[in-house]
Amino acid sequence: MKYGELVKVYEALGATTKRLEKRDILADFLKTVDVEDLEKITLMALGRVFPSWSEDEQGIGDKLIMRAVGDVVGVSVELVEDAVRDEGDIGAAAEKLYAKKTQMTFFSQALTVNFVYNQLRKLSTISGSRSTTRKISNILELLSSASAIEAKYICRTILEELRIGVGEGIIRDAISLAFDIDKAVAERAHMLTNDLGLVAKVAKEEGEEGLKKLTLIPGRPVKPMLAQLSEAIDISIEEMGCALCETKYDGFRTQFHKNGDEITLFTRRLENVTLAFPDAVELIREGLPDEDFIAEGEIIGFKNGKPQPFQSVLQRVRRKYDIKETMKNVPIKIFLYDLLYFKEPTVDEPIIKRREILESIVDSSNPELNLSDIVKVSPENIGDAVDLFNKSIEGGHEGIMIKNCAEPYIPGIRGKKMLKFKAEPETLDAVVVGGVKGIGKRGDFIGSYEIALRDENDQLQTITHVGTGLSDDDLANLTKKMEELKITEKGTRITVHPKIIFEIAYSEIVKSPEYSAGYSLRFPVVKRIRTDKGLEDIDTVERLESMFNG
Ligand SMILES: Nc1ncnc2c1ncn2[C@@H]1O[C@H](COP(=O)(O)OP(=O)(O)OP(=O)(O)O)[C@@H](O)[C@H]1O
């Protein structure tokens, strides 16, 4: 297939903000795609060339693309930077600049999807000496054969930001519609494999039956099951009838995979953090059996018998070097609470059974390797759950989880089957989309951060500016990061790629015409910088609205 055909679909998708229209456009298109191109096109519709579970990345920053665009069009990097400032992103800037392109390209052939996909994948394999030059020449090969509009989307795909408002949910629904697959079956296949390209291919070739056979593979990360808030401990237990209540540890959610001899650790964002935790790998190797498994739990920094703030474990993840040193500074404990695979998938077993198997396979004689504190509760002994809550808070933990005894593990879904009850008021996770440079003492820093939530059409809508709660160190680090993520700069204001996630506490939600969400927050404070969360994890305008309406 010609790349130009995919580009036409990108344009159509970008031209509407309506979710259902996007789904229909994509479904109609997917029906026409040959099976050889289907995996590639499904990934590229997401603006990616690697599935979510893959650790490969193109590793190209804005600067490098600007250089490449400048080279192809025959203008200076400064001019490209100006165009980006005017147009808002490198894709739109490239499209504009191509119109002025003076150099003619000889022997240029129409780009195919296959060629673009392979060239972009190749970028991840280029490393070592002269890698920048080699990467640029690889990008130039693509850009010099591209039309203006193709260049726009090639640049955006390199940065993994297509800006057409299409997320995984829309693509999954389009696959269901295109190949007549029950939505729940497609959703489950996606959640278990984390590979929409594969889901599309199997849906087309083997239909629902084929999708039902797709399952977990130890060594490949799975999206975690997420929790909703419990209104009150007693109400939740009454509703569930039988509940497993567990201490909610405020640590680093980790999946521990064993595949053959290899043990791999993944974060809730599916990042491989094995190298940051050699001690955790050893604890898991010694405390669990030899068979393949996927267990889930929390890694917590522990010092002098006390849990350390969540940020302390994050230090371990950020440090690429001196792991031995950081290991000494931040000793850890593991608290396991779920089992997704043991010799075979266990996700369909109820939590009560999964816990039973987990208890039977974990040797927790080492005080660093634990099972979560747990009580089985029914409406007759709700007091036991309240006791566990109090004990958890006294122990320096966040609260309790309340899990419906009968429920399977549902990856990636924030459902009512697993609830959390915390001592502290609820917070919001929002993404930073811009910032304002400070004045006076904070002149060198970006002191105020504009944050946004996601709306029902996957677009970001702003809610407030926040600067309180950040230490001088945070401000220095954030300012550096914001410079790297910068898209445009006007006066003291900058806009950035949406990558930094803040957890925000506030006193009240108010209506506001000033921000595009239509709501704002009073007295917002940054509680944490959530490097363990990504854009897909931020809260929605819908949730804000329902919290506003009480
Ligand atoms: N015993 C436990 N069982 C399940 N999850 C636990 C447990 N202890 C701690 N957790 C943590 O609680 C989180 C569940 O809350 P949720 O799914 O809402 O994630 P979250 O958005 O990270 O929540 P929060 O910001 O409240 O930690 C899990 O992600 C996990 O990290």
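Criteria and thresholds
- Residues numbered from 1 in each chain as written.
- Predicted model: local features only at pLDDT ≥ 70, side-chain atom pairs only at ≥ 80, totals over all residues.
- Heavy atoms only, no water.
- UniProt positions renumbered as here; feature names shortened; annotations may be inferred.
- Core = buried A, V, L, I, M, F, W, Y, C linked by side-chain atoms within 4.5 Å.
- Buried < 20%, exposed > 50% of the residue type's maximum accessible area, 1.4 Å probe, protein only.
- Helix = DSSP H or I, 4+ residues; strand = E, 2+ residues; numbered from the N terminus.
- Contact = heavy atoms within 4.5 Å.
- Phe/Tyr/Trp six-rings, centres within 6.5 Å; stacked < 30°, edge-to-face > 60°.
- Polar contact = N/O pair within 3.5 Å; in protein donor to acceptor, adjacent residues only side chain to side chain.
- Domains from an automatic or database assignment.
- Buried area = accessible area lost by both parts, 1.4 Å probe.
- Salt bridge = Lys/Arg side-chain N within 4 Å of Asp/Glu carboxyl O.
- Nonpolar A, V, L, I, M, F, W, Y, C, P; charged D, E, K, R; others polar.
- Disulfide = S-S within 2.5 Å.
- Pairing = 2+ DSSP bridges.
- Axes fitted to C-alpha atoms, helices over the stretch in contact; angles between N-to-C directions.

- As recorded in an unreviewed UniProt entry, the protein chain goes by the name DNA ligase, listed as coming from Methanobrevibacter olleyae.
- Under the heading Sequence similarities (unreviewed entry), UniProt records this for the protein chain: "Belongs to the ATP-dependent DNA ligase family."
- The Catalytic activity (unreviewed entry) field of the UniProt record for the protein chain holds the comment "ATP + (deoxyribonucleotide)n-3'-hydroxyl + 5'-phospho-(deoxyribonucleotide)m = (deoxyribonucleotide)n+m + AMP + diphosphate."

1. Overview of the nonpolar core
Okay, so step 1: Ranked by internal contacts, the top residues of the largest apolar core, which has 73 residues, are Tyr-3, Val-69 and Leu-143.
Okay, so step 2: Examining the composition of this core, we find that seven residues originate from one element, helix α4 (residues 62–73), more than from any other.
Okay, so step 3: In contact with Tyr-3, not counting residues within four places along its chain, are Tyr-10, Met-44, Leu-111, Thr-112, Val-113, Val-116, Glu-150, Tyr-153, Ile-154 and Thr-157.
Okay, so step 4: Listed in part, the 29 residues of the second largest apolar core include Phe-252, Leu-288, Ala-295 and Leu-358.

2. Considering helix α9 (residues 148–158)
Okay, so step 1: Counting buried residues along α9, nine of its 11 residues qualify, which places the element largely inside the surrounding structure.
Okay, so step 2: Where α9 is buried, its residues contact α1 (3–15), α4, α6 (90–99), α7 (113–122) and α8 (131–143).
Okay, so step 3: Phi for Glu-160, located one or two positions after α9, is positive at around 55°.

3. Here we look at the packing of aromatic side chains
Okay, so step 1: The final tally for this structure, using the stated rule, is seven aromatic pairs.
Okay, so step 2: A centroid spacing of 6.0 Å and a plane angle of 40° characterise the contact between Phe-252 and Phe-277, whose relative ring orientation is tilted. Of the two residues, Phe-252 is situated in strand β3 (residues 252–259) and Phe-277 in the loop between β4 (262–266) and α14 (278–287); the sequence distance between them amounts to 25 residues.
Okay, so step 3: The class for Phe-252 is buried, based on a relative accessible area of 3%.
Okay, so step 4: Look at Phe-277 and you get buried, because its relative accessible area is 0%.
Okay, so step 5: Judged by centre distance (5.6 Å) and plane angle (70°), the rings of Tyr-449 and Phe-502 are edge-to-face. Of this pair, Tyr-449 sits in strand β14 (residues 446–454) while Phe-502 is found in strand β18 (residues 501–505), placing the two residues 53 residues apart along the sequence.

4. Observations regarding the UniProt feature "active site" (unreviewed entry) in the protein chain
Okay, so step 1: UniProt annotation of "active site" (unreviewed entry) refers to Lys-248 when read in the numbering used here.
Okay, so step 2: Here Lys-248 is to be found in strand β2 (residues 243–248).
Okay, so step 3: Those residues in contact with Lys-248 that lie beyond four places of it in its chain are His-397, Glu-398, Gly-399, Ile-400, Met-401, Lys-420 and Lys-422.
Okay, so step 4: Here the side chain of Lys-248 touches Glu-398 through a polar contact of 2.7 Å, side chain to side chain.

5. Some thoughts on the domain arrangement of the protein chain
Okay, so step 1: Taken domain by domain, the protein chain consists of domain 1 (3–158), domain 2 (226–422) and domain 3 (428–548).
Okay, so step 2: Using C-alpha coordinates to define each centre, domain 2 is positioned 29 Å away from domain 3.
Okay, so step 3: Listed as interface residues are 10 residues of domain 2 and, on the opposing side, 10 residues of domain 3.
Okay, so step 4: Carbon and sulfur atoms supply 40% of the area that domain 2 and domain 3 bury against each other, a total of about 900 Å² over both sides.
Okay, so step 5: Contact with domain 3 buries area across many residues of domain 2, yet Arg-268, Arg-269 and Phe-310 alone supply 56% of it, more than any other trio.
Okay, so step 6: At the junction of domain 2 and domain 3, the tally comes to three salt bridges.
Okay, so step 7: Joining domain 2 to domain 3, the criterion identifies three residue pairs in polar contact (both at pLDDT 80 or more).
Okay, so step 8: The dominant element in the side of domain 2 that touches domain 3, judged by the number of residues it contributes, is helix α15 (residues 310–318), at four residues.
Okay, so step 9: Grouping the constituent residues of the side of domain 2 that touches domain 3 by class yields four nonpolar, one polar and five charged.

6. Describing the environment of Ala-15
Okay, so step 1: In this structure, Ala-15 sits in helix α1.
Okay, so step 2: A relative accessible area of 68% places Ala-15 in the exposed class.
Okay, so step 3: When the C-alpha atoms of Ala-15 and Lys-416 are compared, they prove to be 35 Å apart, with 401 residues separating the residues in sequence.

7. A word on the state of the cysteines
Okay, so step 1: Tallied over the full model, the rule gives one disulfide.
Okay, so step 2: One disulfide in the model links Cys-242 with Cys-405; its S-S distance is 2.0 Å. Because the torsion about its S-S bond is -70°, the bridge between Cys-242 and Cys-405 counts as left-handed. With a gap of 163 residues between them, Cys-242 in the loop between α13 (233–240) and β2 and Cys-405 in the loop between β11 (399–404) and β12 (414–422) connect regions that are remote in the sequence.
Okay, so step 3: Classification of Cys-242 as partly exposed rests on a relative accessible area of 23%.
Okay, so step 4: The closest cysteine sulfur to the non-disulfide-bonded Cys-245 is located on Cys-405, 8.6 Å from its own sulfur.
Okay, so step 5: Given a relative accessible area of 0%, Cys-245 falls into the buried group.

8. Examining the sheet that holds strand β10 (residues 374–377)
Strand pairing in a sheet relies on backbone hydrogen bonds. The paired strands run either parallel or antiparallel.
Okay, so step 1: If you trace the five strands from one edge of the open sheet to the other, you get β1-β12-β11-β2-β10, paired in mixed fashion. For this open sheet the edge positions go to β1 (226–229) and β10, each flanked by a neighbour on one side alone. Ignoring strand direction, the axes of neighbouring strands in this sheet form an average angle of 35°.
Okay, so step 2: In this sheet, β12 lies alongside β11 in antiparallel orientation, the contact comprising five bridges. Counted as the bridge partner of Met-401 is Lys-420 from β12.
Okay, so step 3: Running at roughly 15° to β11, α13 makes contact with β2, β10, β11 and β12 of the sheet.
Okay, so step 4: Docked against the sheet, helix α17 (residues 351–361) engages β2, β10 and β11, running at close to 55° with respect to β2.

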